[in-house]
Amino acid sequence: MAHEKKTHPFHLVNPSPWPFVGAIGALIFAIGLVLLIHHHGPYVLGMGLIIVLFTMAGWWRDVIRESEDKATYTPPVQVGLRVGMALFITSEVMFFVAFFWAFFNASLFPTEATGGVWPPKGIHPLNPFEYPYFNTLVLLLSGTTITWAHHALIANQNKDVLKGIGLTILLGLLFTSIQAYEYVHATFAFKGGIYPSTFYMATGFHGAHVIVGTIFLMVCWGRARLGQFTPDRHVGFEAAAWYWHFVDVVWLFLFVSIYWWGSGL
């Protein structure tokens, strides 16, 4: 009945508890992080993380349910969602602009604190043509598999969609595992000066995006398996694919500038 009374093609969101619950969870998470930094244990942090994850699951469930209603996700609504995702990715790009700015400011104009050279004295950068180069190939390959899945979805070939998304997820997990191994065996710590802090901030923030993108694709794989995507209705998958390509492109800049050029090779 509610849809029959609509006189516009837009979606007015129903009242939801998730913004309030998510805000409470984020506040508890932030307080817990401060307490953890001051060695008061991880319990508050864990509680906040559980609330945040619960909010994510519940909110995502509601959005998926809304997307299954053709009367709700009209063409103008889908356009709005695509524009929103594009603007979100643009905002994420600005974060990396700040990190790159800090890195290039320190590397192009080395100060007395770094010994007047870059990389700073006492810093032994990672070899860019070992694990970082392999991870570059992994992400580039993942970009092709998610594109394959997208084309298969448009062609209504659901088996290939599942294969493409599944391979992308596996490649994302492989990338994260290799980066974790790389961090464990690095010879410098986060507090070791301007080089380690900018290195870990930029690459670690990207690594967090890879984890988020992998979870995003896992949800899309489950939805594709349930047949919730069609050739003309798959905004959720498009958002995940755009996000993953953004992750790929940012890594190329990280590899060339921070790993390769920044290592002094």
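Residues numbered from 1 in each chain as written. Predicted model: local features only at pLDDT ≥ 70, side-chain atom pairs only at ≥ 80, totals over all residues. Heavy atoms only, no water.

Draft legend 1. Region of interest: the nonpolar core. Among the nonpolar cores identified, the biggest contains 48 residues, and Ile165, Phe199 and Phe237 are the most heavily contacted of them. Secondary-structure elements contributing two or more residues to this core are α3 (75-108), α4 (131-154), α5 (158-184), α6 (194-225) and α7 (235-260). Ranked by residues supplied to this core, first place goes to α7 with 14 residues. Residues within four places of isoleucine 165 in sequence aside, it is in contact with Ile146, Ala149, Leu217, Cys220, Trp221, Ala224 and Phe237. (Core = buried A, V, L, I, M, F, W, Y, C linked by side-chain atoms within 4.5 Å. Buried < 20%, exposed > 50% of the residue type's maximum accessible area, 1.4 Å probe, protein only. Helix = DSSP H or I, 4+ residues; strand = E, 2+ residues; numbered from the N terminus. Contact = heavy atoms within 4.5 Å.)

Draft legend 2. The arrangement of the environment of glutamate 66 in detail. The residue glutamate 66 is located in helix α2 (residues 43-67) in this model. Glutamate 66 sits in the partly exposed class, given a relative accessible area of 22%. Contacts of glutamate 66, omitting those with residues within four sequence positions, involve His11, Thr72 and Tyr73.

Draft legend 3. Structural detail: the pattern of salt bridges. Per the stated rule, a full pass over the model turns up two salt bridges. Aspartate 62 is paired through a salt bridge with arginine 61; the nearest N and O atoms lie 3.0 Å apart. Aspartate 62 gets classed as partly exposed once you look at its relative accessible area, which sits at 22%. Taking the relative accessible area as the measure of exposure, arginine 61 reaches 38% and is therefore partly exposed. (Salt bridge = Lys/Arg side-chain N within 4 Å of Asp/Glu carboxyl O.)

Draft legend 4. Summary view of the packing of α3 against α6. Between α3 and α6, the shortest axis-to-axis distance is 8 Å and the interhelical angle comes to 160 degrees. Taken together, the axes of α3 and α6 are roughly antiparallel relative to one another. Our pair here, α3 against α6, has a crossing hand that is left-handed. For the pair α3 and α6, the contacting residues are Met85, Glu92, Phe95, Phe96, Phe99, Ala102, Phe103 and Ala106 in the first and Ile194, Tyr195, Thr198, Met201, Ala202, Phe205, His206, His209 and Phe216 in the second. Within the contact of α3 with α6, the residues separate by chemical class into 13 nonpolar, three polar and one charged. (Axes fitted to C-alpha atoms, helices over the stretch in contact; angles between N-to-C directions. Parallel < 35°, antiparallel > 145°, perpendicular 65-115°, else oblique. Left-handed = near helix turned anticlockwise from the far one by under 90°. Nonpolar A, V, L, I, M, F, W, Y, C, P; charged D, E, K, R; others polar.)

Draft legend 5. Just the side chain of threonine 145, in detail. Here threonine 145 lies in helix α4. Residue classification places threonine 145 among the buried positions, given a relative accessible area of 8%. Among the polar contacts made by the side chain of threonine 145, one reaches the side chain of threonine 168 at a distance of 2.7 Å. If near-sequence neighbours (up to four positions away) are discounted, threonine 145 is found in contact with Gly164, Leu167, Thr168 and Leu171. (Polar contact = N/O pair within 3.5 Å; in protein donor to acceptor, adjacent residues only side chain to side chain.)

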